Amino acid sequence: MTAPVFAASELAQRFGLELQGDDRPVRGVGTLSGATAEQLGFLANPRYRGQLAATAAGVVVLRPDDADARDGTALLARDPYAAFAKIAALFERKPARMAGIHPTVVVDPSAYVDLSAHVGPHVAIGARSRIATGAIIGPGCIIGEDCEVGDGCELVARATLVTRVRLGKRVLVHPGAVLGADGFGIAMDHGHWTKVPQLGGVVVGDDCEIGANTTIDRGALGDTVLEQDVRLDNQIQVGHNVRIGAHTAMAGCSAVAGSATIGRHCLVGGGAGILGHLEICDRVVITAMSLVTHSIREPGEYSSGTPLMDNRSWRKSAARYKQLDDIARRTRTGDKDQE
Amino acid sequence: MTAPVFAASELAQRFGLELQGDDRPVRGVGTLSGATAEQLGFLANPRYRGQLAATAAGVVVLRPDDADARDGTALLARDPYAAFAKIAALFERKPARMAGIHPTVVVDPSAYVDLSAHVGPHVAIGARSRIATGAIIGPGCIIGEDCEVGDGCELVARATLVTRVRLGKRVLVHPGAVLGADGFGIAMDHGHWTKVPQLGGVVVGDDCEIGANTTIDRGALGDTVLEQDVRLDNQIQVGHNVRIGAHTAMAGCSAVAGSATIGRHCLVGGGAGILGHLEICDRVVITAMSLVTHSIREPGEYSSGTPLMDNRSWRKSAARYKQLDDIARRTRTGDKDQE
Amino acid sequence: MTAPVFAASELAQRFGLELQGDDRPVRGVGTLSGATAEQLGFLANPRYRGQLAATAAGVVVLRPDDADARDGTALLARDPYAAFAKIAALFERKPARMAGIHPTVVVDPSAYVDLSAHVGPHVAIGARSRIATGAIIGPGCIIGEDCEVGDGCELVARATLVTRVRLGKRVLVHPGAVLGADGFGIAMDHGHWTKVPQLGGVVVGDDCEIGANTTIDRGALGDTVLEQDVRLDNQIQVGHNVRIGAHTAMAGCSAVAGSATIGRHCLVGGGAGILGHLEICDRVVITAMSLVTHSIREPGEYSSGTPLMDNRSWRKSAARYKQLDDIARRTRTGDKDQE
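Residues numbered from 1 in each chain as written. Chains lettered and ligands numbered in written order. Predicted model: local features only at pLDDT ≥ 70, side-chain atom pairs only at ≥ 80, totals over all residues.

(A) Layout of the overall build of chain A. What chain A contains, in helices and strands, is four helices and 40 strands. Summarising its shape, the C-alpha atoms of chain A cover approximately 75 × 70 × 35 Å along the three principal directions. Among the 339 residues that make up chain A, the fraction classed as buried is 58%. Residue pairs in contact within chain A that sit at least 24 positions apart in sequence constitute 19% of those at least 6 positions apart. (Helix = DSSP H or I, 4+ residues; strand = E, 2+ residues; numbered from the N terminus. Buried ≥ 20, exposed ≤ 12 C-beta atoms within 10 Å, placed from the backbone. Contact = placed C-beta atoms within 7 Å.)

And the structure:
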């Protein structure tokens, strides 16, 4: 297989970028510190600006503001990271997945698999489930009853759709993800837990991505919903009846408890938690490992937690945290005494 | 398949509730905001009391205290959520699982599978393991050596029992859960880690529920133990030799480090952490994302962390947290000066 | 199968320990509180010193400093836990895994599986992947394209190597682990997320251990790297292009965001988080549930968070945390007034 080649000028034209310097062939992509003279690098995060002078990259994608600092060929982009993403995609070699169902697959007679779909080894597809045009169901996936996998979806491997999970188009699900398991509904009844039946499903909009080992429970009544273009990283937990707005992205290990509603274009940091039955409006940013304990009605950035300290200093602050109400009262008293 | 119908009066009698208003047929359940005139809704969380006036639900289960606020038919319950759970179960349609072993299943000759058990596709059952009466082993489950699956257990799909895992009766295990993996036992020896063999197992009591992608390690010496009716949500980590008391419930993403003991009837909030070798007594509540760093000997509610703030204000508080010992000393000095 | 027996004197000689008291046969290992007269216990954690007087263990491994407190036979070790680990390994009975490929396994014609390897049921091995001498691939594992599993590796069960994952020698991977899934690379482009291709792989050094349901994403450009002897507990998330130094151990539910670099011989506590693009030097300890928000250049112990409190007291401190800048200013004012 020959690696593809593109002229820098060709990339400029295709993606609406401005070429600065001599035209050059590009045979691949790399980081500023690792790219060769035949590769294209990018500068998006200012943290790496110092690497610009020394880079061996033949072409660099960067902001017009950074263009002066670049000696060789450059492609100027308002958003270098997005431009780089599209260029890099030209060099990605994805394994071909032929249409057809592997002989080891077990399909319920009432299920439907489109002829154009690819279903890999050791897959099971349950009653009344439907796999649409061009979908890829990788090895070891389990699809339960009453599920729908839309056109062009890809379940990479070993993903599980438990029951009543409906994926839109081009949804990408990574290994170990579990969609549609029972929500955590339990009611204490005379000293013993009674299980609350989870009668709803999960609805995932077009172009969503679900990370490895992420779990999305099905609704108790009604559905758990991800609107279109929601991006979930790995190991995220989404409780029953949660609704996540379009274009919201959540980083690894974050979690949303049952019946919370998250708006559109939100960013949830890694390890952050959102309590149940809350509402978060559009364009909210939650920083890493913060806990959202009340609804948020104004766009903006929100945080909780304390800064990292050396353990010895931290112990002192932590001990004082316990006395914080007293400390505050003493300053009040002081104020009053001085009045 | 015809949907079931129950008269409100029939539900009242069956579950010991008081009927208020006209008798009506109930053909399903829903939320207050979504239920139709043929469905039953419920009011348990006071947060939703405002929806009572406008609900279209034909019947509402609620507390006697809320009865005055309800115009139409109501069923009065001391605990509306538990009553609702039992009523909703009447309307749950679970897929039938026929007894028998799917032809793709690989069973070790020394294993035993009861004739009444259902074993789905792509399952493997290892040496000396036993699957008891009426158990359901869903597709893709892996059961290793020396495991026991008790009467009426259900492993929904793709669950793994690694080795020496013994489930009581009616244990429900969700997809992706891993029980009986090696505990994290390592000892530093001349600059290189030495693995500490994990010779114990996992014992899970009757009526426990284990969430999707939850992990419970087997003991190093002796067993990791869940007593009866323990309810674990998704993505929980339980370390080796932990003991969790009966009727304790843990929410998603919480974690318990090795050799900790948790009492009975405890509630552990989402994302909370419990350090190793601690003891927590009965009836303790840990709020979400708190870290338990010492044993707890008194029932009650415990917390750590800081409140959610807008990021700008939070940065100020966080910076001051580092100076907290100095701040406290200054207030003391002030006190002394004023003495 | 007969259980093995070793004389205490034999263990002393084999592992370079000092025998104190009479020689005795040892037929197994246990905890101080559970071991019998034919078993060996150990005292490493001072928390359990109180159990020494009452133990029924025939032999106890302990530090020379603790020797006086032991009446019966003892083995003196500078590091009792490491000594115990090696002794316990003598009593571990691991299931034999015969060389060969189970008939249910699906192997791509371009893949290579060494004749000495064991490949269990329901495994799939993708194009151009290689399984080396003596490797064990347990039931339900999925190995994608272009992966390498080194000599003596063990994938216990249901582990997934997605693509371009190269394991060194003797790497142990627990069930549910996912290595080599797409890193979380997305770029906002005109209101819609564009996926950044993840063109790199994952490189795991010799003697690493990867816990159950842990995820390690492959690099965007270049590789995600674990150096040798890195030990990861369960449910850990490692982002793309992270590098973790040799002999570093991370406890359950911790997480490292993309492009962070962690040094050698570090210890990361349970649930701790490390933000992306940071550097942590060698021999750093991060305590449980701390968040690392900046690079760390000095060895030592680091922490964030607040102590556990009863909820009522905590509410007061938490409310005051919001006012912390004002409180601090008031003490300054006080100082100034008093100057």
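(B) Spotlight on helix α2 (residues 80-89) of chain C. Here α2(C) lies mainly inside the structure; seven of its 10 residues are buried. Every buried residue of α2(C) is listed here: Pro80(C), Ala82(C), Ala83(C), Phe84(C), Ala85(C), Ile87(C) and Ala88(C).

(C) Up close: the sheet that holds strand β35 (residues 273-274) of chain B. All names here are of chain B. The strand order across the open sheet built from 10 strands is β9-β12-β15-β18-β21-β26-β29-β32-β35-β38, with neighbouring strands paired in parallel fashion. Either end of the sheet is taken by a strand with one partner, and the two such strands are β9 (106-107) and β38 (291-292). With two bridges joining them, β35 and β38 adopt parallel strand pairing. From the neighbouring strand, Gly273 faces β38, where its bridge partner is Leu291. (Pairing = 2+ DSSP bridges.)

(D) Spotlight on the relation of the copies chain B and chain C. After a rotation of 120° and a shift along the axis of 0.0 Å, chain B superposes on chain C with an RMSD of 0.0 Å. Such values leave the two copies arranged in the relation of a three-fold axis. Of all interface residues in chain B, a mere 20% are interface residues in chain C too; the two copies therefore contact each other through different surfaces. (Least-squares fit on C-alpha atoms with pLDDT ≥ 70 in both.)

(E) Region of the structure containing the interface of chain B and chain C. Across the contact, 65 residues belong to chain B and 63 residues belong to chain C. Ranked by residues supplied to the side of chain B that touches chain C, first place goes to helix α4 (residues 324-338) of chain B with five residues. Here the residues of the side of chain B that touches chain C are counted per class, giving 26 nonpolar, 29 polar and 10 charged. The sheet contact formed by strand β39 (residues 300-303) of chain B and strand β40 (residues 309-310) of chain C spans two bridges and is antiparallel. (Nonpolar A, V, L, I, M, F, W, Y, C, P; charged D, E, K, R; others polar.)

(F) Spatial organisation of the domain arrangement of chain A. Partitioning chain A into domains gives domain 1 (6-89), domain 2 (100-302) and domain 3 (313-339). Relative placement of domain 1 of chain A and domain 2 of chain A: their C-alpha centres are 36 Å apart. (Domains from an automatic or database assignment.)

(G) Structural detail: the relation of the copies chain A and chain B. Relative to chain B, chain A is turned by 120° and slid 0.0 Å along the rotation axis, the superposed coordinates differing by an RMSD of 0.0 Å. Comparing interface residues between copies, only 20% of those in chain A also lie at the interface in chain B; the contact surfaces differ.

(H) Region of interest: the interface of chain A and chain B. Each side of the interface is counted separately: chain A has 65 residues, and chain B has 64 residues. Top element by residues in the side of chain A that touches chain B is helix α4 (residues 324-338) of chain A. It accounts for five residues.

(I) Region of the structure containing the sheet that holds strand β18 (residues 160-163) of chain A. Reading across the sheet, the 10 strands line up as β9-β12-β15-β18-β21-β26-β29-β32-β35-β38 (chain A) and stay open at both edges, with parallel pairing between neighbours. Each edge of the sheet is formed by a strand with only one pairing partner; in this case those strands are β9 (106-107) and β38 (291-292) of chain A.

(J) Expanded view of the pairing of strand β6 (residues 59-62) of chain C. All names here are of chain C. Covered by surrounding structure in β6 are Val59 and Val61 together with Val60 and Leu62, the residues of both alternating faces. As judged from the three bridges shared by strand β5 (residues 39-42) and β6, these two strands associate in the parallel manner. Pairing of Phe42 across the sheet is with Val61, part of β6.

(K) Examining unusual backbone geometry more closely. For His190(B), which is not glycine, the phi torsion reads 55° and is therefore positive. Within the secondary structure layout, His190(B) lies in the loop between β22 (186-189) and β23 (192-195). A positive phi angle, near 50°, is found at Arg158(C), a position not held by glycine.

(L) Here's a closer look at the confidence of the model for chain A. With 97% of its residues at a pLDDT of 70 or more, chain A has an overall mean of 95. In the predicted assembly, ipTM is 0.95 and pTM is 0.96. (pLDDT = per-residue confidence, 0-100.)

(M) Geometry of the pairing of strand β7 (residues 73-76) of chain A. Residues and elements named next belong to chain A. Sheet analysis places strand β2 (residues 18-20) next to β7, joined by three bridges and oriented antiparallel. Looking across to β7, one finds that Glu18 is bridged to Leu76. Relative to β7, strand β6 (residues 59-62) runs parallel, the two being bridged by four bridges. When the bridges of β7 are listed, Val59 appears paired with Thr73.

(N) Spatial organisation of the environment of Pro4(C). Residue and element names in this part refer to chain C. When you line up the elements, Pro4 lands in the segment before β1 (6-7). Residues Pro4 and Leu90, 86 residues apart in the sequence, show an inter-C-alpha distance of 7.9 Å. Aside from chain neighbours lying at most four places away, what touches Pro4 is Leu90 and Phe91.

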